[in-house]
Amino acid sequence: MTWLTQWLKSALQQVQEYFILLGKVARGLVTPPFYARDVIEQFDAIGAGSLTVVLLTGTFTGMVLALQSGITLDKFGARSMVGQLVSASMVKELGPVLTALMVCGRVGSGIAAELGSMTVTDQISALRALGTDPVRKLVIPRVIAGTLMVPLLTVVADGVGLVGAWLIAATQLKVASAPFWNSVVAGLYIEDVWMGLIKPFFLGFVIVSIGCYVGLGTKGGTQGVGRATTNAVVAGSVVVLAVDFLVTKLLFMVLY
Amino acid sequence: MTEFAIAFEKVSLAFDDKVVLRDVSFSLERGHTKIVIGASGSGKSTILRLILGLLKPDGGQIRINGERVDQMHEEALMKVRAGLGMVFQEGALFDSLTVRENVGYQLFEETTMPIPEVDARVGEVLGFVGLGEFVGRMPSELSGGQRRRVAIARALTSKPKVLLYDEPTTGLDPITALTVDDEIIKLRDLEGVSAILVTHQLRDAFYVATHEAVKQGDQITFVPASPEKAAMTEFLMLKDGGVAFEGAADALRHSDDPYLKAFLS
Ligand SMILES: Nc1ncnc2c1ncn2[C@@H]1O[C@H](COP(=O)(O)OP(=O)(O)OP(=O)(O)O)[C@@H](O)[C@H]1O
Ligand SMILES: [Mg+2]
């Protein structure tokens, strides 16, 4: 029982500290100084750097979706509807979530490791001693880049996913291109597209802000950096799925 | 204006239940140097962190140039920090930046000084520590001693009036250590910089306390300090969270306190 209250207390405290960091981010977004060069750098590091992994994930997901739904649809003699099934699930759910999880593994861990080693080697203290606010210099550029790049990466993942599905449909399922793409479009409602585009903003934001929070809170030398990296990925992934659920629920109330 | 660059008044700090400082009071006059000695873990680095506002004390008052900083908000502290230079114990160089970007960091990022002027200043301070040809290197390509000197150069870049050195000569060979000591003396005697020097190296501590820089034309020489000059450097010894000794080099040398004797031998 004491163990449980202890755990709850520390969890609550962490959540509180996380929201304090978010408060500082909000303040830093609207008051100078700004570090524009760092934002550009982070666009490159987070966006361009994650492209390969997102391309691969998207393509294979589209391919396996086509394969699986092809088999299911065959039972109903509706093989030509494969595009519809793939596009709906890819754009609404799998594109955003899988992209976010991959970015979490790559970027969330990287940020936690980088900021974590800066913390344990006093570089964060040195920044402050030199008159720079680490939140403005390090956290805000990453949060901006993450929040804007994850949606872009999601669109890429959706795109290559559909191409992957088309490849499988054409070669394995023998569905001609025209009916495939027609059915892709038929499967997409404008609300689905909105949902697929809005969600990644939230997911990108939580991945990066959690990575930063965990990194800056690192304690205990190199060992602590390893722990921080793991924590950022685990916490980030869980929160990605939770936030995905919550935002989906919210959007269902707002959009549909 | 008060005559104190830094003043501590009954400052206390504990980490969880471990008391590091208990009612510590001392003051550093403008242009003077305070050499802080004490066993490992006695709170020397902690004192420097408190001065910078990187840590907040549990109680007591800390003043920099008469201004209270112990309760100050981070935003206001940034202005105070602009007048302070800090050399961290392990250097704390930014390892994603080159030596030039490290040394010029404050001017590049926090001022509107034109780039050529910043580069000139970077060259100047790197020359000061004898690393002029290393501007383009990454910190990972430097030896431990070179990293330390780059850290000193970085602290000097914006010409702070107060310098805080955390073990600037630890891990350096005696010759290089001596050049660092000479820089500290030069800054004190020729630039009027106030400083707190934390060190384990008693040899360097006594050298700094007992020597004086004299400028004749372009020549700078280091000679045994005159009594007035020697009075400008004091020792502060920390022990068990309190101040075990405060005073001049001579008084420290001739102290009868067994702990001090053991520490000095
Ligand atoms: N962030 C922290 N959390 C908990 N304890 C700390 C923290 N920072 C320092 N301490 C403790 O405070 C005490 C003083 O630390 P400090 O770094 O000031 O020692 P020091 O005198 O500089 O030692 P050294 O000569 O080894 O550098 C040590 O016992 C240390 O364990
Ligand atoms: Mg120390």
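Since we're looking at a predicted model, the values are computed, not measured.

How each quantity is defined
- Residues numbered from 1 in each chain as written.
- Chains lettered and ligands numbered in written order.
- Predicted model: local features only at pLDDT ≥ 70, side-chain atom pairs only at ≥ 80, totals over all residues.
- Heavy atoms only, no water.
- Near = heavy atom within 4 Å.
- Polar contact = N/O pair within 3.5 Å; in protein donor to acceptor, adjacent residues only side chain to side chain.
- Areas by Shrake-Rupley, 256 points an atom, 1.4 Å probe, with all protein chains shown as cover.
- Helix = DSSP H or I, 4+ residues; strand = E, 2+ residues; numbered from the N terminus.
- pLDDT = per-residue confidence, 0-100.
- Pairing = 2+ DSSP bridges.
- Axes fitted to C-alpha atoms, helices over the stretch in contact; angles between N-to-C directions.
- Contact = heavy atoms within 4.5 Å.

### Some words on the site of ligand 1
Residue and element names in this part refer to chain B.
So, point 1. Every one of the 14 residues lining ligand 1 counts as a neighbour, but Ser40, Lys44, Ser45, Thr46 and Gln89 are closest to it.
So, point 2. The backbone of serine 42 places a nitrogen or oxygen atom 3.2 Å from an oxygen atom of ligand 1.
So, point 3. Considered on its own, ligand 1 offers 640 Å² of accessible surface; in the complex 62% of this is hidden by protein.
So, point 4. Listing elements by their share of the shell around ligand 1, those giving two or more residues are strand S2 (18-29) and helix H1 (44-52).
So, point 5. Here the shell around ligand 1 takes three residues from H1, the largest share from any one element.

### Let's talk about the confidence of the model for chain A
So, point 1. Per-residue pLDDT for chain A averages 95, and the proportion of residues at 70 or more is 100%.
So, point 2. Put simply, helix H6 (residues 177-187) of chain A is where chain A has its lowest mean pLDDT, 93, and helix H5 (residues 134-171) of chain A is where it has its highest, 97.

### Focus: unusual backbone geometry
So, point 1. For the bond running from proline 32 of chain A to proline 33 of chain A, omega is 0°, close enough to zero to count as cis.
So, point 2. Mapping proline 33 of chain A onto the fold places it in the loop between helix H1 (2-30) and helix H2 (36-74).
So, point 3. Look at lysine 10 of chain B: it is not a glycine, yet its phi comes out positive at around 45°.
So, point 4. Among the secondary structure elements, lysine 10 of chain B is positioned in strand S1 (residues 4-15).
So, point 5. The phi angle at glutamate 167 of chain B is positive, at roughly 50°, despite the residue not being glycine.
So, point 6. In this structure, glutamate 167 of chain B sits in the loop between strand S7 (162-166) and helix H7 (174-190).

### Examining the sheet that holds strand S6 (residues 84-87) of chain B
Residue and element names in this part refer to chain B.
So, point 1. A sheet is described by the order of its strands in space; here six strands give the open sequence S6-S7-S8-S3-S11-S12, paired in mixed fashion. The sheet is open, and its two borders are formed by S6 and strand S12 (242-247), each paired with just one other strand. Here the strands of the sheet are splayed against their neighbours by 15° on average, with no regard to which way each runs.
So, point 2. Pairing analysis gives four bridges linking strand S3 (residues 33-38) to strand S8 (residues 194-198), with the strands arranged parallel. Looking at the pairing, isoleucine 35 lines up with leucine 197 of S8.
So, point 3. Across the sheet, H1 touches S3, S6, S7, S8 and strand S11 (233-239), and the angle it forms with S7 is around 150°.

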